[in-house]
Amino acid sequence: MIILEDLTINSSNNIKETLTKINNNSRGIIFVTNNNQILVGVATDGDIRRALIKGLNIEDKISEAMNKNFIALNVEAEDKLIRKSFNSRIKIIPLCDTKGKLVDFADVQSNHRIPVLEPSLNGNELFYVEDCLKTNWISSQGSYVNKFEEIFKKLHCEMSSIAVSNGTCALHLALLALSIGEGDEVIVPDITFSATINSVIHCGAKPVICDINPKTLCMDLDSIKRLISCNTKAIVPVHLYGQVCDMENIKKIAIDNDLFIIEDCAEALGSSIKNKPVGTFGDAATFSFFGNKTISTGEGGMVLFKNRKFAEKARIIRDHGMDPKKRYWQLYVGHNYRMTNLQAAIGVAQMEKFDDIVKKKIFIANRYNSLLSGIEGIETFPFTKSNTINSYWLYTIILKKNISRDSLIKKLIEFGIDSRPVFYPLHEMPPYKKFTNKMNHFEFSDIAYSGISLPSSINLKKDEIMYICQVLSNLLIDEKRF
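Residues numbered from 1 in each chain as written. Predicted model: local features only at pLDDT ≥ 70, side-chain atom pairs only at ≥ 80, totals over all residues. Heavy atoms only, no water.

A. Looking closely at empty space enclosed by the protein. Using the criterion set out here, one finds 1 cavity of 30 Å³ or more in the structure. Approximately 100 Å³ is the volume attributed to the largest cavity. In terms of lining residues, the largest cavity is bounded by 15 residues, among which Glu 118, Pro 119, Lys 293, Thr 294 and Ile 458 are the most central. Of the residues in the lining of the largest cavity, the class split is 5 nonpolar, 7 polar and 3 charged. (1 Å grid on protein atoms, 1.4 Å probe; cavity = no way out; pocket = protein on both sides within 12 Å on 5 of 7 lines; lining within 4 Å. Points joined across faces, edges and corners; volume = space filled by probe spheres on them. Nonpolar A, V, L, I, M, F, W, Y, C, P; charged D, E, K, R; others polar.)

Dropping the structure here:
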């Protein structure tokens, strides 16, 4: 991590010493101060190169080569003004006090970049964690684990809820509890995070990759039907980025073919269909509480079951496969997938703000929809079907084919705006190519290469959303940039 000292040199130092420091900080720039730490100049490697061409020597003082006509802002300047000062040439801005003393810097690559996502920990998180520490209940045995599970149970139609160490464990545990393993096939969507397919493989089952719906980016119904075989045992619908799958029709397909449904809700806590939360339509459901999710426990997850027998089996497997009535007696080959009381304490505090978090997510999405409407270069906006609620974990748009998504991401970074691409199609990646066959048709998966997710943190301010939309609009208007 770069610090102010790495970017600062005294005006009495020579050009050679300055070049060494610029080389070490790898940022191509140095702030020059006098003995009182007053900012007197700025020097880039380009400034020094031009000075040497004009006849200066590397033993000459940097004060003779520095640029005295530089941009600096007050350390109390608003973020809006700082970000406005960034451009393709200016990536670091010195920040001074009222006397001109250099006290900090704004860096487009780190401390003044608008992140895609970040947690909001301004509630009772610290208070509950301190309670765990004071009472010595810090591992998986503690009241907050039970409280967290109970909150999820009530929120999801009284389905049995089991807290686990992360969302991937939740998926793996759900599959194991349903006895899915060698010889079984499980249908997964082509566009999803790799945890979905990895969990199937780790069970010894065979994943079968289906195409996506171009509107929702979720599972395509016709593709599901086409891929069902006598070995198919389950479908794993992924509610991608908060968008909901067509669960009513997926459920019909599952019933007609005697298949399990495991809903991957890692990105969709707060989404619903006809006022019924996602995660309650299938036999099992999984959630993730990673640092960037709708609610966060740092790491962590939850798995839900409609059938209590499956839930009881999952609890045992989660705790090393040990018989809860006979200590150290194993009933299954188990795993240590337990959530700690510390994590659960944060989760309980997060759930106290859950309604407000989802409302803010929806507000941000609506704001984006309004400000980006009609802008050239955007092919489609997030789709919301009637009678559904999209919780917009990530606000994701699809760009027109003539726009280079990856170039746009790089340009946004220059303006202090972070963004991220849509997940790459599973069927194109080396570990998963072997799970495709002649029945697989990936007509719409290339849409992933045009998808981009914009900052979606509930910490976003109105003026930040406005700034993001203005920058994005300006970049998309100038197609030559791409």
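So, next bit.
B. Spatial organisation of the pairing of strand E20 (residues 451-454). Taking every second residue as pointing to the same face, both faces of E20 are buried, with Gly 451 and Ser 453 on one and Ile 452 and Leu 454 on the other. In the sheet, strand E18 (residues 395-399) pairs with E20 via 4 bridges, with the strands oriented antiparallel. Paired with Tyr 395 across the two strands is Leu 454, which belongs to E20. (Buried < 20%, exposed > 50% of the residue type's maximum accessible area, 1.4 Å probe, protein only. Helix = DSSP H or I, 4+ residues; strand = E, 2+ residues; numbered from the N terminus. Pairing = 2+ DSSP bridges.)

C. Layout of the layout of surface pockets. Considering only enclosed or pocket space, the largest pocket measures out at about 420 Å³ in volume. Taken together, 17 residues form the lining of the largest pocket, with Ile 29, Val 42, Thr 44, Arg 89 and Ile 90 sitting closest to its centre. Counting only elements with at least two residues in the lining of the largest pocket, the list comes to strand E2 (29-33), strand E3 (39-44) and strand E5 (92-96).

D. Inspection of the packing of aromatic side chains at higher detail. For the structure on display, the rule yields 12 aromatic pairs. Relative to Tyr 128, the ring of Phe 127 has its centre 5.8 Å away and its plane inclined at 55 degrees; by these criteria the two rings are tilted. Judged by its relative accessible area of 55%, Phe 127 is exposed. An aromatic cluster is defined as three or more aromatic residues linked by ring pairs; in this entry it consists of Phe 148, Phe 152, Phe 287 and Phe 289. (Phe/Tyr/Trp six-rings, centres within 6.5 Å; stacked < 30°, edge-to-face > 60°.)

E. Region of the structure containing the nonpolar core. One finds Phe 148, Phe 152 and Phe 287 to be the most contacted residues of the largest nonpolar core, which totals 61 residues. Here this core takes 5 residues from helix H11 (residues 341-351), the largest share from any one element. Sequence-distant contacts of Phe 148, that is, excluding residues within four places in its chain, are made with Phe 289, Ile 295, Thr 297, Met 302, Met 339, Ala 344, Gly 347, Val 348 and Met 351. Residues Val 164, Ile 317, Leu 426 and Phe 435 belong to the second largest nonpolar core, which totals 33 residues. (Core = buried A, V, L, I, M, F, W, Y, C linked by side-chain atoms within 4.5 Å. Contact = heavy atoms within 4.5 Å.)

F. Inspection of helix H5 (residues 143-155) at higher detail. Spanning 13 residues, H5 covers 19 Å between terminal C-alpha atoms, matching the ideal 18 Å at 1.5 Å per step. The positive-phi residue at the C-terminal boundary of H5 is Cys 157, with phi of around 55 degrees. (Expected span 1.5 Å × (residues − 1).)

G. Layout of the sheet that holds E3. Spatially, E1-E2-E3 is the arrangement adopted by the 3 strands of the open sheet, whose pairing is mixed. Two strands close off the open sheet at either side, each with one partner strand: strand E1 (8-10) and E3. Each neighbouring strand pair of the sheet contributes to a mean axis angle of 30 degrees, computed without reference to strand direction. Direction of pairing for E1 relative to E2: parallel, over a ladder of 3 bridges. Pairing of Ile 9 across the sheet is with Val 32, part of E2. Packed onto the sheet, helix H1 (residues 15-25) meets E1, E2 and E3 and runs at close to 130 degrees relative to E2. (Axes fitted to C-alpha atoms, helices over the stretch in contact; angles between N-to-C directions.)

H. Up close: unusual backbone geometry. The phi dihedral of Cys 157 falls on the positive side, at around 55 degrees, and the residue is not glycine. Despite not being glycine, Tyr 392 shows a phi value in the positive range, around 50 degrees. Within the secondary structure, Tyr 392 sits in the loop between strand E17 (388-389) and E18. Owing to a relative accessible area of 8%, Tyr 392 belongs among the buried residues under this scheme.

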